Amino acid sequence: MSNVNERIIKERNKIYYNQTLLLLINFRVMLGLNNLPILRVPPANQDVWIVLLLSIPYILIFSLPLLFLSNKFNNFNLIEIIEKIMGRILGKIVGIYYFLVFLYYLVIFSSTFVEILDNALFRETPTWATASLFLITSIHIAHKGLRNLARLGEVLIPLILVSLFVFVILGYDNYQFANLFPILGNSTFKDINRGAIDISLRFVDAIIATMLTPYLVNKKDLNKVYIRSTIYSLLTITLITITTLTTLGPEFAKRINFPFLTYTRLINFQPAIQGFESVYIVFWIIGNIIRIAGYLYISSVSLGQITGIRNDRFILPLAILTLIAVQLIKDTRPVLGLRGPFNQITLIISFMSILVIPIIVIIVYLFRRKFKERG
Amino acid sequence: MKRKLICLALSFVLIFSLTACWNARELNTVGISLAMGLDIEGDKILVTFEIVNPSYTQKNHGGGDVGPVKYVQGIGNTIFEAFRDVSLKFDRRILISHNKLIILGEDFARRGLINQTDQLFRNRELRETAYMLIAKGAKAYEVMGINNGLEDLPGNYILNLIRNKRDNPKTVDVRIMNYLRDYYLEGIHTVAGVVEMIDRTQIDETGKDMGTKDKELTVIGAAVFKDDILVAYISGNDTKALNYIKNDVKKGLITFPTPKDIVRNRKSNLEDKHLSSVLTIKVKTKNDVEIKDEGISLKSKVKIRGTIGEVIGDIDVYNEEEFKLLEEACSNTVKEAIKHTVEKVQREIGLDIFGFGLIFQRKYPDEFKKIKDNWDEIFSHADYQIEVETNLIRTGLIDTPINVD
């Protein structure tokens, strides 16, 4: 891609602080909301909300290498930064790795979303039909560019967040706060920290933040937007987790694939006003589509970076690839319903992408700078 | 131009493909189930559905003899198999989204619920808010269909009986969600509602069939489970005490002997049993568990706020002193009743259905880990203390009883 084209695309896709904040919050909240993975990580009991709160500093610490790179090179996205530091060939190889990471997340999120839709709405609809529906929507959104995705998020994400708070209030009758006790009575310090590390590695949005940095109108907002989005989103998920725990109890909640969906099914006002889950599903779908469209866009940008071709040309092929992958995965096995390899793979990939590779890149950068200064 | 043509073609395709939901089920193709019964027949599971008859309303007006509901049954090795068996006998697909009641036959409940009912929770169609009842001494299908109320639908009749708990706490209103939530907790045993067939004397306006027996349903009492197996029933009064301890009483009636020392015997016979009643407005219970040298001590502190319902006897509630005695008498009766229930459950059932184990676990988590397997044994021998405080805040439309000069 020529530098002029690259600059034009970045100029066209300038996004503001609020928009970036909302997008990052949505990406995280949807990840936490879909199947509340926090309920299954150690200590997997009534103290998991403490684990969530503890994961905030862990997320911020784990994001430090990526944030350091983004702050140093705030006009470039992660793949450009790596190419600059590691050199053309090695940079391309690492770039391909990150592209594959984005694609992997895109496929996993899409497969999860198909599972949500299969269970919540379209029980008998074939996978290809369900996946096509949201992928077509995502293609359209991604094609319109980051700025339009951010604008869409600016309108819809506040609605999603407000709806979540409303659901939390509406289900108050079913709360049993005793389910949260004894606080820290059955959990060890080791368990809580293990859980916090596990959960913080699942929130991979630090990589997304580094891909969005060059599009920020004010680059200095990066740290502020990242820290605030982490705190706001984790607090929202903590609230949802507490709500679910108090309503369903820790033991039953962790057996449910979509605990917050079950929670919304329990909201009712006697004798006949119920079915609030339908409203929740609408917001859930919107949130997930924004997230999938975001990952599709970022995947196309990273591929565009590697190949030097305009990113929008890759949106459709990547969506088709995702559709095929989702079809192959979903017609073979459940994604959430099995404590299978996806969890382990995701954790290893996150660990490599958030910590190992960025630290190596920083070491190389510091060495090069040192040599440059000596030279 | 090319772009416009593509859009037009796409819109044309969409018009035909987006006419409705995929696999939409129209109302005239489904049978809406309001109540479901589960029984054991031999080694198999028998499922009974109470299906709303959509043709009832129109035929009823035309003088037809079609009932408001139909009952369909299916049998199979599992609940799912039994569900599918129904499709071979009933023309419409059963829709259980509106199912508000699950009645379990006693045999079924005695075999254990959790292993057998997995399908109900895996299936998104069934609402977790459905009430769960055990058909005491009967099959579920035997109690389904009995309707002695004004409701057209027998399912709604039972549903309203359960909802009447708000006025009479001699029953429990357990939804399948509550049952599951409690099932996984350590330190409490689950209970479920009971539905029982009882004889009812027919009152016939023609006078011909006076005295003949008919059946009606009552939801008095509760069923006690050990793990997921039905092991015992408790009476209506014991259920009321259970609800008091579990802080699950909204409104209710407390009937107690009018304090004797102030019965003046002005207009009534001293030999008469003088009873007064209090209507509860609010009941608040706090439970506690303490470890003492001599063992574990269970405690309850009940605060009742109520209004005077009726005063029989010569007590003058307009008098502050006598008013206090009335409050004390009410407290003593509640205290005795609750204590009696706890001791009876400790002695006869030996299972902690009150949730003292939960409090112990929350208060002494480390100690609970050591004794959790023997908690029921410890509970059975624990000392129980109760304090009751009654505040009567309203006297009704009259203060001095009508028989007091």
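Fair warning: this is a prediction, and the values are worked out from it, not measured in the lab.

Rules used throughout
Residues numbered from 1 in each chain as written. Chains lettered and ligands numbered in written order. Predicted model: local features only at pLDDT ≥ 70, side-chain atom pairs only at ≥ 80, totals over all residues. Heavy atoms only, no water. Helix = DSSP H or I, 4+ residues; strand = E, 2+ residues; numbered from the N terminus. Contact = heavy atoms within 4.5 Å. Areas by Shrake-Rupley, 256 points an atom, 1.4 Å probe, with all protein chains shown as cover. Lys, Arg positive; Asp, Glu negative; His and termini not counted. Charge placed at Lys NZ, Arg CZ, Asp CG, Glu CD. Buried < 20%, exposed > 50% of the residue type's maximum accessible area, 1.4 Å probe, protein only. Buried area = accessible area lost by both parts, 1.4 Å probe. Salt bridge = Lys/Arg side-chain N within 4 Å of Asp/Glu carboxyl O. Polar contact = N/O pair within 3.5 Å; in protein donor to acceptor, adjacent residues only side chain to side chain. Nonpolar A, V, L, I, M, F, W, Y, C, P; charged D, E, K, R; others polar. pLDDT = per-residue confidence, 0-100. Pairing = 2+ DSSP bridges. Core = buried A, V, L, I, M, F, W, Y, C linked by side-chain atoms within 4.5 Å. Domains from an automatic or database assignment.

Participant: How should I be thinking about the overall build of chain A in this particular structure?
Facilitator: What chain A contains, in helices and strands, is 15 helices and zero strands. A separation of at least 24 residues holds for 83% of the contacts in chain A among residues at least 6 apart in sequence. As presented, chain A carries roughly 15,300 Å² of accessible surface, and 66% of it is formed by carbon and sulfur atoms. Each charge class in chain A can be summarised by its mean position, and for the 35 positive and 19 negative side chains these summaries are 9 Å apart.

Participant: What exactly am I supposed to notice about helix α9 (residues 236-245) of chain B here?
Facilitator: Side chains three or four residues apart in an α-helix point the same way, a direct result of the helix having 3.6 residues per turn. Residues and elements named next belong to chain B. In terms of burial, α9 is a largely internal element, nine of the 10 residues being buried. Within α9, burial applies to Gly 236, Asp 238, Thr 239, Lys 240, Ala 241, Leu 242, Asn 243, Tyr 244 and Ile 245. Phi for Asn 247, located one or two positions after α9, is positive at around 60°.

Participant: Got a minute to help me understand the interface of chain B and chain A in this structure?
Facilitator: The accessible area lost on association of the parts is a frequent measure of interface size. On the side of chain A, 33 residues touch chain B, which itself brings 24 residues to the contact. Between chain B and chain A the total buried area reaches about 2,500 Å² when both faces are included, carbon and sulfur atoms providing 48% of it. It is Arg 124, Arg 127 and Arg 181 of chain B in chain B that bury the most area against chain A; as a group they hold 28% of the surface buried on that side. In this structure, the connection of chain B to chain A is made through two salt bridges. The partner of Glu 277 of chain A in a salt bridge is Arg 127 of chain B, and the shortest N-O contact between them spans 3.1 Å. At the boundary of chain B and chain A, one finds nine residue pairs in polar contact (both at pLDDT 80 or more). Secondary-structure elements contributing two or more residues to the side of chain B that touches chain A are α8 (176-183), α11 (356-363) and α12 (365-371) of chain B. Taken together, the residues that form the side of chain B that touches chain A break down as eight nonpolar, four polar and 12 charged.

Participant: What is the right way to read the confidence of the model for chain B from this model?
Facilitator: In low-pLDDT regions, the fine details of the predicted coordinates are not to be read closely. Summary statistics for chain B give a mean pLDDT of 86 and a share of 89% for residues scoring 70 or more. Here the prediction assigns the complex a pTM of 0.86, and the interface score ipTM is 0.81.

Participant: What am I meant to see in the pattern of salt bridges here?
Facilitator: Any two side chains of opposite charge can pair, given that their charged atoms come close. Residues and elements named next belong to chain A. By the definition in use, this model includes 26 salt bridges over all chains. Its salt-bridge partner being Asp 312, residue Arg 310 comes within 2.7 Å of it at the nearest N-O pair. With a relative accessible area of 36%, Arg 310 lands in the partly exposed category. Here Asp 312 falls in the partly exposed class, since its relative accessible area comes to 22%. In this structure, a network of salt bridges that share partners links the residues Glu 251, Lys 254 and Arg 255.

Participant: I'm lost on the environment of Gly 236 of chain B in this one. Help?
Facilitator: Residues and elements named next belong to chain B. Looking at the secondary structure, you find Gly 236 in helix α9. Among the residues examined, Gly 236 registers a relative accessible area of 8% and is labelled buried. Residues Gly 236 and Ala 109, 127 residues apart in the sequence, show an inter-C-alpha distance of 20 Å. Apart from the residues within four sequence positions on either side, Gly 236 is in contact with Lys 170, Ile 220 and Gly 221.

Participant: Please clarify how the pairing of strand β1 (residues 30-41) of chain B should be interpreted in this entry.
Facilitator: Consecutive residues of a regular strand have side chains that alternate between opposite faces of the sheet. Residues and elements named next belong to chain B. By the criterion of burial, β1 is predominantly enclosed, with 10 of the 12 residues buried. As paired elements, β1 and strand β4 (residues 93-95) share three bridges and run parallel to each other. Residue pairing across strands places Val 30 opposite Arg 93, the latter belonging to β4. Alignment of β1 against strand β2 (residues 44-52), held across eight bridges, turns out to be antiparallel. Considered in β2, the bridge of Ala 35 is made with Glu 50. Joining the antiparallel neighbours β1 and β2 is a turn of two residues, in which Gly 42 adopts a positive phi near 65°. Sheet topology note: the β1/strand β5 (residues 101-105) ladder contains four bridges and is parallel. Looking at the pairing, Met 36 lines up with Ile 102 of β5.

Participant: What exactly am I supposed to notice about the nonpolar core here?
Facilitator: Soluble globular proteins: nonpolar side chains tend toward being buried together. By size, the foremost hydrophobic cluster in this structure holds 217 residues, and its most contacted members are Leu 38, Phe 49, Phe 225 and Ile 338 of chain B. Residue contributions to this core peak at 17 residues, all from helix α5 (residues 88-120) of chain A. Each of domain 1 (27-234) and domain 2 (236-405) of chain B gives at least three residues to this core. Counting 19 residues, the second largest nonpolar core, distinct from the first, contains Ala 35, Leu 101, Ala 138 and Leu 159 of chain B.

Participant: Would you mind showing me how to read the domain arrangement of chain B here?
Facilitator: All names here are of chain B. Domain assignment breaks chain B into domain 1 (27-234) and domain 2 (236-405). Each of domain 1 and domain 2 has a C-alpha centre, and the two are 32 Å apart. The interface is formed by 25 residues belonging to domain 1 together with 27 residues belonging to domain 2. Across the domain 1 to domain 2 interface the summed buried area is about 2,000 Å²; carbon plus sulfur atoms make up 64%. It is Pro 169, Glu 186 and Ile 234 in domain 1 that bury the most area against domain 2; as a group they hold 31% of the surface buried on that side. Inspection of the region where domain 1 meets domain 2 yields two salt bridges.

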